[in-house]
Amino acid sequence: MALRDVLIDELRDMYSAENQLVKALPKLVKGANDKALKKAFQDHLEETKGQVLRLRSVFELMGERATGEHCNGMEGVIEEGADALEKEEEGASFDSGIIGAALRTEHYEIAGYEACIGMARTLGKSKVVSLLTANLKQELAAAKKISALAVPIMKRSAAEPKADKKPKSGKEKYSDKKSKEDEKKAEGAL
């Protein structure tokens, strides 16, 4: 497979990832308790919509149709965010959980854009590099902003009283089981 084909596959993955986020970010906006965090998610939603449009321009420059190849990785990361939104935490502790999910999302996107930029640069696609770099800069700025907002939120969370332990849901029990299976499989490699 030629590098150009690999780049197109990666771009399709990123296009799918960004489109999935356009649907997922409003849930974080609605779920966040902290007003500054809520605003950061809302602002990033608007940026994400612009990133989708930039990716469409990238496909046009590459002579390809703007279509996504479903991004399973982003689907998984978004699912973790959905799990954080379902937790019965309250206040700053709740926001701390969604901050973790949001940062994983940003870092997933950062890695994807860095890979695409490297490929486009190698192929001499300077206009593509420029558009992708604009998206990357927004992702880096979003991660930095979320990390900065996390500091006071996590300090408030640390001061909150410990919640009473509730029985685990079916989903939590399943997750525990899968985690133990993963540990067991990794044991031999350690």
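Look a little higher up for the structure.
Residues numbered from 1 in each chain as written. Predicted model: local features only at pLDDT ≥ 70, side-chain atom pairs only at ≥ 80, totals over all residues. Heavy atoms only, no water.

## Topic: the overall build of the chain
Helix and strand counts for the chain come out as 6 helices and 0 strands. Taking all 190 residues of the chain together, 37% fall into the buried category. In the chain, the proportion of contacts linking residues at least 24 apart, taken out of those at least 6 apart, comes to 81%. Only carbon and sulfur atoms are counted for the fraction: they give 55% of the accessible area of the chain, which is about 11300 Å². Both charge centroids of the chain, one from 33 positive and one from 33 negative side chains, sit 2 Å from each other. (Helix = DSSP H or I, 4+ residues; strand = E, 2+ residues; numbered from the N terminus. Buried < 20%, exposed > 50% of the residue type's maximum accessible area, 1.4 Å probe, protein only. Contact = heavy atoms within 4.5 Å. Areas by Shrake-Rupley, 256 points an atom, 1.4 Å probe, with all protein chains shown as cover. Lys, Arg positive; Asp, Glu negative; His and termini not counted. Charge placed at Lys NZ, Arg CZ, Asp CG, Glu CD.)

## Details of the packing of aromatic side chains
Under the criterion given, the structure shown has 1 aromatic pair. Look at Tyr15 and Phe59: their rings are 5.6 Å apart centre to centre, the planes differ by 80°, and that puts the pair in the edge-to-face class. Of this pair, Tyr15 sits in helix H1 (residues 3-31) while Phe59 is found in helix H2 (residues 35-61), placing the two residues 44 residues apart along the sequence. Assigned by exposure class, Tyr15 and Phe59 land together as buried. (Phe/Tyr/Trp six-rings, centres within 6.5 Å; stacked < 30°, edge-to-face > 60°.)

## Some details on the environment of Arg12
Along the polypeptide, Arg12 turns up in helix H1. Sequence separation between Arg12 and Gly68 is 56 residues; the distance between their C-alpha atoms is 4.3 Å. With near-sequence residues (within four places) excluded, Arg12 lies in contact with Phe59, Glu64, Arg65, Thr67, Gly68 and Glu69.

## Looking at H2
What sets the pattern is the α-helix's 3.6 residues per turn: residues three or four places apart point alike. Taking 1.5 Å per residue as the helical rise, H2 with its 27 residues ought to reach 39 Å, and the 39 Å between its terminal C-alpha atoms agrees with that figure. Listing the buried residues of H2 in full gives Leu37, Ala40, Phe41, His44, Leu45, Thr48, Gln51, Val52, Leu55, Val58 and Phe59. For H2, the secondary structure elements touched by its buried residues are H1, helix H4 (91-122) and helix H5 (126-159). Sitting at the amino-terminal end of H2 is Asp34, which places a side-chain oxygen 3.1 Å from the backbone nitrogen of Ala36. Backbone geometry just downstream of H2 places Gly63 in the positive-phi region, at approximately 70°. (Expected span 1.5 Å × (residues − 1). Polar contact = N/O pair within 3.5 Å; in protein donor to acceptor, adjacent residues only side chain to side chain.)

## Some details on the pattern of salt bridges
The full count for this structure, using the stated rule, is 7 salt bridges. For Arg4, the salt bridge is made with Glu64, and the minimal N-O distance between the two is 3.1 Å. Of the two residues, Arg4 sits in helix H1 while Glu64 sits in the loop between H2 and helix H3 (72-86), which places them 60 residues apart along the sequence. Using a relative accessible area of 28% as the deciding quantity, one classes Arg4 as partly exposed. Of the charged contacts in the structure, one is a salt bridge between Lys49 and Glu46, with a shortest N-O distance of 3.5 Å. In this pair, Lys49 and Glu46 both sit in helix H2, 3 residues apart, roughly one turn of the helix. Under the relative-accessibility criterion, Lys49 is labelled partly exposed at 37%. (Salt bridge = Lys/Arg side-chain N within 4 Å of Asp/Glu carboxyl O.)

## Observations regarding the nonpolar core
Ranked by internal contacts, the top residues of the largest apolar core, which has 45 residues, are Leu11, Leu37, Phe41, Ile98 and Leu132. Counting residues per element, the ones that place at least two in this core are H1, H2, H3, H4 and H5. Here the element with the most residues in this core is H4; it accounts for 12 residues. When neighbours within four sequence positions are excluded, Phe41 is seen to be in contact with Leu25, Leu28, Val29, Ala32, Ile98, Ala102 and Ile146. (Core = buried A, V, L, I, M, F, W, Y, C linked by side-chain atoms within 4.5 Å.)

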